[in-house]
Amino acid sequence: MTQFFHGIDKVTFAGADSTDPMAFHHYDPDEIVMGKRMEDHLRFAVAYWHSFAWEGGDPFGGQTFERPWHPQDSMERARLKADAAFEMFDLLNVPYFCWHDADIRPETGSFETNLSTLNEITDYFGEKMQTTGTKLLWGTANMFTHRRWMSGASTNPDPDVFAFAAATVKSCLDATHKLGGENYVLWGGREGYETLLNTEMGLELDHMGRFLAMVVEYKHKIGFKGQILVEPKPQEPSKHQYDYDAATCFGFLQKYGLENEVKLNLEQGHAILAGHSFEHEIATASALGVLGSIDMNRNDYQSGWDTDQFPNNVPEVAMAYYHILKNGGLKAGGTNFDAKLRRQSLDAKDLIAAHIGGMDICARGLKAAAAMIEDGGLQTALNDRYAGWNTPEAQAMLQSDLASITQRVLDAQLSPVPKSGQQEILENYVNRFV
Ligand code: XLS
Ligand code: NI
Ligand code: NI
């Protein structure tokens with residue numbers, strides 16, 4: 001046991017009636033939901049960056065957290081951080097984790113040194129994964145913090161930065177592959193622009209498309225079987241980001257012929273920033289066949305920032321999982337808590353409690369979603385609403401043309417009668433489950 005988590009016991013399922021703040025009340029990994037263990041539905045992952053690398057700063061103040069592995073400038077402290085991280089995965093019995101290269105090794109500014117420390121620390125992870133059984137949901141490259149990325153990574157006007165980005169993603173994909181990662185994520189926080197006055201947008205999009213194609217080519221070359229995922233976000237840190245939302249990303253993938261190779265990692269907070277609900281983004285990705293994985297962290301509805309908070313709203317989470325279950329579940333994806341503590345939450349206990357809360361909220365949401373699926377009320381209402389499309393005339397119309405359809409409207413003297421959309425009735429229905 002590290003000193004950091006000293007005195008904190010393994011978190012267990014104590015049931016809904018328990019008042020123990022350090023126990024699960026709803027998340028029981030072995031509970032069967034729709035024929036599958038809850039753990040296998042939710043596939044929880046801890047985000048290394050927010051939980052272990054973030055130091056508690058905000059735009060007005062610096063570090064508030066004092067961790068024994070701060071400052072994060074040596075391999076010795078990188079290993080200490082890993083010891084604490086793996087201890088927490090074990091305390092929470094969380095099956096997965098995710099990392100950026102920059103979270104796990106010190107930044108030296110030299111590609112060569114960063115590469116060797118990345119390889120060294122991921123070997124260390126490999127040993128720990130063997131003993132704890134924790135798996136890697138996804139790896140990714142941080143191509144937004146260091147000043148070299150300030151004008152973009154693959155969309156940078158400087159080809160040397162494109163090269164640096166290519167080498168960086170190669171190294172992170174190699175490390176993800178080595179650790180048996182099940183996905184690889186690309187989030188382009190700086191792939192966008194601040195002003196069109198200095199931006200050649202078409203060129204940048206072409207470079208980003210070619211870059212992603214190279215990632216896919218390399219994945220096949222090394223035999224990486226995981227999914228390649230792009231994470232949409234409309235802005236922050238860039239004023240305008242090219243991967244605005246699920247629909248925009250799909251259009252981009254199609255333009256560059258990658259829609260069958262790349263799926264999406266959707267984040268609730270990013271959906272909110274884009275002016276959508278999380279279920280809108282999930283349903284859009286499902287409809288377009290690109291639902292990959294989720295980052296289950298919310299924003300604050302008043303501040304308008306990407307505040308990365310742990311989920312705390314069961315009805316919202318329930319509708320997200322409803323659409324996920326309707327799509328056949330998360331498959332190779334998972335539920336990653338890309339969420340951080342509030343900067344006043346200083347203690348190790350706060351970090352554990354945050355994950356307990358997030359996991360419990362997701363468990364409640366999943367169970368409510370499964371109950372709605374099993375009851376079938378929403379599906380019956382949808383079937384009724386679209387029943388007209390089951391008739392042979394309606395199906396034939398889709399194979400027909402405007403002139404013949406017009407003739408049928410005239411011949412049959414069609415006069416459509418509006419029907420209620422029953423929104424309130426359906427909202428009341430959902431309220432029975434959440
Ligand atoms: C930032 C993103 C980031 C990605 C991984 O807003 O959510 O954390 O998930 O780079
Ligand atoms: Ni985010
Ligand atoms: Ni994210």
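**Q** Help me understand the coordination of the nickel ion (ligand 3), please; the structure alone is not making it clear to me.
**A** In a perfect tetrahedron of four donors around a metal, the angles come out at 109.5 degrees. In a perfect octahedron of six, they are 90 or 180 degrees. Around the nickel ion (ligand 3), the protein contributes the donor atoms Glu231 (OE), Glu267 (OE), Asp295 (OD) and Asp338 (OD), which lie 1.9 to 2.1 Å from the metal centre. Classification of the site at the nickel ion (ligand 3) as octahedral follows from its 6 donor atoms and the range of 79 to 175° in their angles at the metal. Each donor residue of the nickel ion (ligand 3) belongs to the same chain, and together they define the spacing E-x35-E-x27-D-x42-D. Between the nickel ion (ligand 3) and the nickel ion (ligand 2), a separation of 3.6 Å is found, and both are coordinated by Glu267. Of the two residues, Asp295 is situated in strand E11 (residues 291-295) and Asp338 in the loop between strand E12 (335-337) and helix H12 (348-375); the sequence distance between them amounts to 43 residues. Owing to a relative accessible area of 7%, Asp338 belongs among the buried residues under this scheme.

**Q** Help me understand the environment of Arg67, please; the structure alone is not making it clear to me.
**A** By secondary structure assignment, the location of Arg67 is in the loop between helix H2 (48-53) and helix H3 (75-92). Apart from residues no more than four positions distant in its own chain, Arg67 is found in contact with Phe4, Leu341 and Leu346. A polar contact is formed between the side chain of Arg67 and the backbone oxygen of Leu346, at a distance of 2.7 Å.

**Q** Which parts of the structure should I look at to understand a nonpolar patch on the surface?
**A** On the surface, a nonpolar cluster with roughly 410 Å² of combined accessible area is contributed by Leu382, Tyr386, Trp389 and Leu398. With respect to the secondary-structure elements, Trp389 resides in the loop between helix H13 (377-385) and helix H14 (392-398). By relative accessible area, which is 38% here, Trp389 ends up partly exposed.

**Q** Mind showing me how you'd approach the layout of surface pockets here?
**A** Rolled over the atoms, a probe as big as a water molecule pinpoints where empty space is left. What the second largest pocket holds in volume is close to 770 Å³. What lines the second largest pocket is a set of 22 residues, among which Ala381, Leu382, Arg385, Gly421 and Leu426 lie closest to the centre. Of all the secondary-structure elements, those providing two or more residues to the lining of the second largest pocket are helix H11 (314-326), H13 and helix H16 (423-431). Broken down by element, the lining of the second largest pocket gets its largest block of residues, 5 residues, from H13. For the lining of the second largest pocket, the class distribution of residues is 10 nonpolar, 6 polar and 6 charged.

Conventions adopted
Residues numbered from 1 in each chain as written. Chains lettered and ligands numbered in written order. Predicted model: local features only at pLDDT ≥ 70, side-chain atom pairs only at ≥ 80, totals over all residues. Heavy atoms only, no water. Donors = N, O, S within 2.8 Å, 3.2 Å for Na, K, Ca; no water. Tetrahedral: all angles 85-135°; square planar, octahedral: opposite > 155°, others 65-115°. Helix = DSSP H or I, 4+ residues; strand = E, 2+ residues; numbered from the N terminus. Buried < 20%, exposed > 50% of the residue type's maximum accessible area, 1.4 Å probe, protein only. Contact = heavy atoms within 4.5 Å. Polar contact = N/O pair within 3.5 Å; in protein donor to acceptor, adjacent residues only side chain to side chain. Patch = residues over 30% accessible without salt bridge, like charges linked within 9 Å, V, L, I, M, F, W, Y side chains within 5 Å. Areas by Shrake-Rupley, 256 points an atom, 1.4 Å probe, with all protein chains shown as cover. Salt bridge = Lys/Arg side-chain N within 4 Å of Asp/Glu carboxyl O. 1 Å grid on protein atoms, 1.4 Å probe; cavity = no way out; pocket = protein on both sides within 12 Å on 5 of 7 lines; lining within 4 Å. Points joined across faces, edges and corners; volume = space filled by probe spheres on them. Nonpolar A, V, L, I, M, F, W, Y, C, P; charged D, E, K, R; others polar.

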